[in-house]
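# Structural characterization, general
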Amino acid sequence: MYVALFILLLLALLGMLFCHFRRKKIIRKIRCMEKCRKCSLLEELAAPFGYAWHCCCGFFSSTVDAWQKAAGYTWLYDYMAPRFQMVFDALPVYFDYRGRTWLIEFWKGQYGINTGAEIGIYHADTILTRAEYKTALFEAAGEEEMLPCSLELYLKNDSSVRLSEKHWWLTAFLPGIFSRPSDLCLKAGICFYDPEMLRAFRKGLCQAGYPAEQIAVQNLCLSFTFHRPMPEHYGPLTRFHRRLSQWLNRIYCRLFVWITRPFVCTEDRILFLYYYLPPCFRKLMRLRRFHRHCHKKNGCHRPKCCRRCRPKQLRSCDSCQDRDSRRELDSCQGCGPSGKLDPCQRCSPSRESDSWQECGPSGGPDSCQGCGPSGKPDSCHGCGPSGEHGEEE
């Protein structure tokens, strides 16, 4: 009896020592990385999940060719979302245009440990009646049907994130921040192809309950602010799932900040989670809807983001002494020959969106909530200079 107890205590002690030294090694490894290497690595890790990492401002967004496009949209997704720890306010806008019923929906809320917002553009094959809205499967807008969209999400602590791009599903997700949907304010803007489509959408927005006097129209562009959701009566079971999910999300956000406490910048926190707890990293990246089927849809059972499948050239140095020989900074996205961070590629003139709202005229962030060129945080998302999490209620 005592021998078995002694063996268990010894194994526990050895396990604690192993975790301690492993943690120290990972911390040293991340601190040895250049900022551009971190951003390039996060881009590579997020790609299989259908997302891109915006290094200059510290958030994830969906890519145009994301695998979620094949799934389309149906009302069941939003209904089941609270069961998967996604609690948000939604504003669906249905309108008829050229023989088809279109749906442009806006979301803002909490997606696991991520605070975020979305704009989705979908359409049906034919004209639908109101009774068919909740049963129809809408297809995502094709490449020629995508619309120039912009979103600006304001958090309770007055910080904000801005994004503008021609897309079918424009998103922004800020890791490690907890918010109530009612505390978020989404300013959305969409540019349409012709006045007929603009008028149809404006009519649908008014029918959804949004005040007509609060809608701004300039040429073919329409903008409005989505703060308070339209009155919606949830059933007892849905209310229970929403409260339970928010309670769990708050706990997970605090755990995320506590586990990654050696770091302050968002990219450092995410990379530390990836190396230290890979299953938790994969959980972090499942930002939207039934992501457990992600890799099955892509024809693989093991995510490309796992360490076994990751390209060897992206593996960072194990020690500071040999990092110069493995850095390969010339091929690093976002870096110049000098190894320093050049202006973000998303802000270059060759980009379709010349007035990219993330960065200033110089290509760098105006009031970026990520890190400065030195790798130190200016005002990181979800944490202040002390590394503490943002204010919560």
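Along every chain, residues carry numbers that run from 1 in the direction the sequence is written. With the structure being a predicted model, the display of local features is reserved for residues of pLDDT at least 70 and the display and counting of side-chain atom pairs for 80 or more, all residues being used for whole-chain, interface and lining totals. Heavy atoms from the whole structure form the basis of all side-chain values; hydrogens and water molecules are not counted.

Two cysteine sulfurs form a disulfide in these notes if their separation is within 2.5 Å. Scanning all chains against the criterion turns up two disulfides. With its sulfur 1.6 Å from that of its partner, Cys-39 forms a disulfide with Cys-55. With Cys-39 in helix 2 (residues 35–46) and Cys-55 in the loop between strand 1 (51–54) and strand 2 (59–62), this pair connects stretches of sequence that are 16 residues apart. The buried label applies to any residue whose accessible area, calculated with a 1.4 Å probe on protein chains only, is under 20% of its type's maximum; exposed applies above 50%, and partly exposed to all values in between. On the basis of relative accessibility, which here comes to 10%, the residue Cys-55 falls in the buried class. Here Cys-191 is linked by a disulfide to Cys-221, with a sulfur-sulfur distance of 2.1 Å. Sign of the S-S torsion, about 95° for the bond between Cys-191 and Cys-221, identifies this disulfide as right-handed. Taken as a pair, Cys-191 in strand 10 (residues 185–191) and Cys-221 in strand 12 (residues 221–226) lie far apart in primary sequence, 30 residues in all. The helix count covers DSSP runs of H or I at least four residues long, the strand count covers runs of E at least two residues long, and both are numbered beginning at the N terminus.

The next subject is helix 4 (residues 195–207). A helix is expected to reach a length of 1.5 Å times the quantity of its residues less one. Over its 13 residues, helix 4 extends 18 Å from the first C-alpha to the last, a length consistent with the 18 Å expected when each residue adds 1.5 Å. All of the buried residues in helix 4 are Met-197, Leu-198, Ala-200, Phe-201, Gly-204 and Leu-205. For helix 4, the buried positions fall inside an angular range of 165° around the axis, keeping them on one side. In this structure, helix 4 carries Arg-199 and Lys-203 as exposed residues pointing more than 90 degrees from its buried face. On its buried face, helix 4 sits against strand 3 (86–97), strand 4 (100–111), strand 7 (147–154), strand 10, strand 11 (216–218) and strand 12. Distance and chemistry together define a polar contact, namely a pair of N or O atoms within 3.5 Å, with one atom able to donate a hydrogen and the other to accept it when in protein, and with adjacent residues in sequence counting only for side-chain atoms on both sides. If you check the start of helix 4, you find a side-chain oxygen 3.2 Å away from the backbone N of Glu-196, and it comes from Asp-194. Following helix 4 by one or two positions, Gly-209 adopts a phi angle in the positive range, close to 105°. Of all possible arcs, the one meant is that of the directions from the helix axis to the C-beta atoms. Note on contacts: a residue pair qualifies if any of its non-hydrogen atoms lie within 4.5 Å across the two residues.

This part takes up the side chain of Lys-108. You can see Lys-108 is positioned in strand 4. Only 3.2 Å separates the side chain of Lys-108 from the backbone oxygen of Leu-184, close enough to count as a polar contact. A distance of 2.9 Å separates the side chain of Lys-108 from the backbone oxygen of His-227, its partner in a polar contact. What Lys-108 contacts, discounting residues up to four positions off in sequence, is Phe-88, Asp-89, Gly-116, Ala-117, Leu-153, Pro-181, Ser-182, Leu-184, Leu-186, Phe-226 and His-227.

The next subject is the pairing of strand 5 (residues 114–123). Summarising burial for strand 5: ten of the ten residues are buried, a large majority. Residue alternation in strand 5 divides its side chains into two sets, Asn-114, Gly-116, Glu-118, Gly-120 and Tyr-122 and Thr-115, Ala-117, Ile-119, Ile-121 and His-123, and both sets are buried. Two strands make a pair as long as DSSP finds a minimum of two bridges between them. Summarising the sheet, strand 4 and strand 5 pair through ten bridges and their orientation is antiparallel. The residue of strand 5 that forms the bridge with Glu-105 is Gly-120. Remark: two residues form the turn of the hairpin made by strand 4 and strand 5, two consecutive strands paired antiparallel; Gly-112 in that turn has positive phi of roughly 65°.

Turning our attention to the environment of Leu-155. Along the polypeptide, Leu-155 turns up in the loop between strand 7 and strand 8 (160–167). Non-local contacts of Leu-155, meaning those with residues more than four positions away in its chain, are made with Leu-174, Ile-177, Ser-179, Asp-183 and Leu-184.

Moving on, we get to unusual backbone geometry. One non-glycine residue, Arg-98, adopts positive backbone phi at about 50°. Note that Arg-98 resides in the loop between strand 3 and strand 4. Arg-98 sits in the exposed class, given a relative accessible area of 59%. For Asp-158, which is not a glycine, the phi torsion comes out positive at approximately 70°. Note on placement: Asp-158 falls in the loop between strand 7 and strand 8.

We define a salt bridge as a contact between a side-chain nitrogen of Lys or Arg and a carboxyl oxygen of Asp or Glu at a distance within 4 Å. According to the stated counting rule, one finds seven salt bridges in the structure shown. Between Lys-38 and Asp-268 there is a salt bridge whose closest N-O contact spans 2.7 Å. Of the two residues, Lys-38 sits in helix 2 while Asp-268 sits in helix 6 (residues 266–276), which places them 230 residues apart along the sequence. Of the two residues, Lys-38 and Asp-268, neither departs from the other in class, the shared state being buried. A salt bridge links Arg-242 to Asp-89, with the nearest nitrogen and oxygen atoms 3.9 Å apart. A residue pair is termed long-range when its members are at least 10 positions apart, and Arg-242 in helix 5 (residues 236–259) and Asp-89 in strand 3 qualify at 153 residues. In terms of burial, Arg-242 and Asp-89 fall into one category: buried. Sharing partners across several salt bridges, the network here consists of Asp-89, Lys-108 and Arg-242.

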